[in-house]
Amino acid sequence: MMSDSSTEMVVSVQGLSKTYRSGGTEVLALQPLSFEAPAGEILAFLGPNGAGKTTAIRILAGFLAADSGQAKICGFDVAVDPLEVRARLGYLPEHNPLYLDMRVEDFLRFAAKARSLAGTSLEQAIDRVVAQTGLAEVFRRRLSECSKGYRQRAGLAQALLHDPELLILDEPTNGLDPVQVVEMRRLVRELGQEKTVLLTTHILPEVEALADRVVLLRQGQKVVDGPLMDLQAPQAGLCQLAIAAQCSLVDLENAAAAAGATWLAPRAAPFALDGLHAGLVELPSAMAIPDFAQSLQAAGVLPLQLAPQGGPLESWFLQAEGQQ
């Protein structure tokens with residue numbers, strides 16, 4: 001559910017940056033990053049692996065200190081008021097930390113006590129999250145005996161015990177089978193009706209199924225920030241094609257440009273053939289695919305693949321990935 005500009009900002013980030021140092025080498029993991037998320041929005045951090053998504057949310061969750069900049073959750077500064085911030089957010093890391101020798105029930109009680117819940121409040125919180133995440137079937141089972149899907153639900157349940165205003169999910173469907181992915185998406189959509197949700201992913205269908213707004217990162221830098229509907233809107237009828245030919249990548253890119261297309265990004269070759277290279281291009285609306293094929297041949301390249309591709313969101317993602 002999108003919120004208007006007058007809605008309280010649950011997340012407010014200004015100029016966050018982070019550099020890692022390893023073996024005398026500095027790696028800029030997060031360039032000055034700024035964004036906001038209002039109440040009731042599902043915001044997706046999208047980007048290739050290593051784009052800085054996890055670094056950003058670890059800073060927001062208080063597990064990592066930024067080199068510079070400011071992050072606020074519900075008006076509280078992450079660096080100045082970490083306890084106030086943690087009381088208002090729930091966090092499910094990519095690698096879900098569970099005590100596998102515990103039963104689901106015992107794990108949730110342990111997590112609830114760590115959140116200073118006790119007595120009736122503790123019991124009510126556990127009943128609520130078990131119902132929300134569908135854990136009743138495995139409530140008395142050891143976590144080691146649960147499927148990956150139920151383990152993810154248990155991790156999500158512990159993040160919800162204190163009924164936080166902000167829910168941070170790092171690759172929430174990572175490692176799940178297709179049925180479990182659908183179920184996790186359903187849970188996240190339901191939670192997004194009443195909470196602000198910030199999730200990271202490199203999976204486009206995940207974004208299209210869940211997000212209200214997208215922040216696309218590349219090499220720690222924000223390159224796109226906008227509503228999902230805007231990013232999915234067709235761009236003046238442009239057609240995107242995967243092309244492949246038995247020539248060098250440079251020759252393929254030059255031939256595509258000479259034929260009137262815009263080169264977007266290189267791609268993996270569609271099949272094994274010595275010297276085969278591939279890429280993604282964009283045709284203007286006035287150009288038909290057969291005409292483009294003829295123009296490629298006139299430029300000295302015989303196309304072995306010309307395949308229409310996905311929508312505009314995929315184009316945004318591939319442009320970011322191709323510039324790495």
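None of these values were measured; they are calculated from a predicted model. (Residues numbered from 1 in each chain as written. Predicted model: local features only at pLDDT ≥ 70, side-chain atom pairs only at ≥ 80, totals over all residues. Heavy atoms only, no water.)

Looking at this structure, I do not really get the sheet that holds strand S12 (residues 262-267). What am I missing?
Remark on secondary structure: sheet strands pair via backbone hydrogen bonds, oriented parallel or antiparallel. Strand order in the open sheet formed by 4 strands is S12-S13-S11-S14, and the pairing between neighbours is antiparallel. Each edge of the sheet is formed by a strand with only one pairing partner; in this case those strands are S12 and strand S14 (303-308). Here the average twist between neighbouring strands, direction ignored, is 25°. Lying on the sheet, helix H9 (residues 249-258) is in contact with strand S11 (239-246), S12 and strand S13 (276-283); it crosses S13 at an angle near 25°. Here helix H10 (residues 289-298) sits on the sheet in contact with S11, S13 and S14, set at roughly 155° to S14. (Pairing = 2+ DSSP bridges. Helix = DSSP H or I, 4+ residues; strand = E, 2+ residues; numbered from the N terminus. Axes fitted to C-alpha atoms, helices over the stretch in contact; angles between N-to-C directions. Contact = heavy atoms within 4.5 Å.)

Sorry, what's going on with the packing of helix H5 (residues 148-160) against helix H6 (residues 178-191) here?
Packed helix pairs are specified by the crossing angle of their axes together with the interaxial distance, meaning the distance between the axes. The interhelical angle for the contact between H5 and H6, taken along N-to-C directions, is 15°, at an axis separation of 10 Å. Classified by the interaxial angle, the pair formed by H5 and H6 is roughly parallel. Considering only the axes of H5 and H6, their crossing is right-handed. On H6, the residues that touch Lys148, Gly149, Gln152, Arg153, Leu156 and Leu160 of H5 are Gln180, Glu183, Met184, Leu187 and Leu191. Per-class residue counts for the contact of H5 with H6 are 5 nonpolar, 3 polar and 3 charged. (Parallel < 35°, antiparallel > 145°, perpendicular 65-115°, else oblique. Left-handed = near helix turned anticlockwise from the far one by under 90°. Nonpolar A, V, L, I, M, F, W, Y, C, P; charged D, E, K, R; others polar.)

I would appreciate a short explanation of the domain arrangement of the protein in the present structure.
One can read the domain layout of the protein as domain 1 (4-231) and domain 2 (239-323). Computed over C-alpha atoms, the centres of domain 1 and domain 2 are 37 Å apart. (Domains from an automatic or database assignment.)

Honestly, the packing of aromatic side chains in this entry has me stumped. Any pointers?
The description of an aromatic ring pair rests on the distance of the ring centres and on the angle between the ring planes. Here the structure, examined in full by the defined rule, presents 3 aromatic pairs. Measuring from centroid to centroid gives 5.6 Å for tyrosine 99 and phenylalanine 110, while their planes differ by 85°, and the two rings are edge-to-face. Remark: phenylalanine 110 occurs in helix H3 (residues 104-114) and tyrosine 99 occurs in the loop between strand S6 (89-92) and H3; sequence separation between them is 11 residues. Judged by its relative accessible area of 45%, tyrosine 99 falls in the partly exposed class. Note on phenylalanine 110: relative accessible area 41%, which makes it partly exposed. Over the face of the ring belonging to phenylalanine 63 we find arginine 86, whose NZ or CZ atom lies 5.5 Å from the ring centre. (Phe/Tyr/Trp six-rings, centres within 6.5 Å; stacked < 30°, edge-to-face > 60°. Buried < 20%, exposed > 50% of the residue type's maximum accessible area, 1.4 Å probe, protein only. Lys NZ or Arg CZ within 6 Å of the ring centre and 35° of its normal.)

Please explain helix H4 (residues 119-133) as it appears in this structure.
Since the α-helix packs 3.6 residues into each turn, any two residues three or four apart lie on the same face. Taking 1.5 Å per residue as the helical rise, H4 with its 15 residues ought to reach 21 Å, and the 22 Å between its terminal C-alpha atoms agrees with that figure. Considered for burial, the residues of H4 that qualify are Leu122, Ala125, Ile126, Val129, Val130 and Thr133. Along the axis of H4, the buried residues cluster in a sector spanning 125°; they form a single face. Exposed residues lying more than 90 degrees from the buried face of H4 are Thr120, Gln124, Asp127 and Ala131. Residues of H4 that are buried in the fold lie against H3, H5 and H6. Within two residues after H4, glycine 134 carries a phi angle of roughly 65°, on the positive side. (Expected span 1.5 Å × (residues − 1). Arc of directions from axis to C-beta.)

Can you help me understand the packing of H3 against H4 in this one?
Packing of H3 against H4 brings their axes to within 10 Å, and their N-to-C directions diverge by 125°. With respect to H4, the axis of H3 lies oblique. As for the relative orientation of H3 and H4, their crossing is right-handed in sense. The segment H3 lies against H4, with Leu108, Arg109, Ala112 and Lys113 engaging Leu122, Glu123, Ile126, Val129 and Val130.

Is there a simple way to explain unusual backbone geometry in this structure?
Apart from glycine, the bulk of residues carry a negative phi angle, and the bulk of peptide bonds sit in the trans form. In this model, cysteine 74 sits at a positive phi of 55°, which is unusual for a non-glycine residue. For cysteine 74, the position within the fold is in the loop between strand S4 (68-73) and strand S5 (76-77). Unusually for a residue other than glycine, glutamine 219 sits at a positive phi of about 50°.

Mind showing me how you'd approach a nonpolar patch on the surface here?
Residues Phe271, Leu273, Leu302 and Leu304 make up a contiguous nonpolar surface patch of about 350 Å² in total accessible area. By the secondary structure assignment, phenylalanine 271 is in the loop between S12 and S13. Phenylalanine 271 gets classed as partly exposed once you look at its relative accessible area, which sits at 38%. (Patch = residues over 30% accessible without salt bridge, like charges linked within 9 Å, V, L, I, M, F, W, Y side chains within 5 Å. Areas by Shrake-Rupley, 256 points an atom, 1.4 Å probe, with all protein chains shown as cover. Salt bridge = Lys/Arg side-chain N within 4 Å of Asp/Glu carboxyl O.)

Mind showing me how you'd approach the pairing of strand S9 (residues 213-218) here?
The side chains of a regular strand alternate, residue by residue, between the two faces of the sheet. With 6 of 6 residues buried, S9 lies mostly within the body of the structure. Where strand S3 (residues 42-46) and S9 come together, 4 bridges link them in parallel fashion. Bridge assignment links leucine 43 to a residue of S9, and that residue is arginine 213. The hairpin formed by S9 and strand S10 (residues 221-227) contains 2 residues between the paired strands, and glutamine 219 there has a positive phi angle of roughly 50°.

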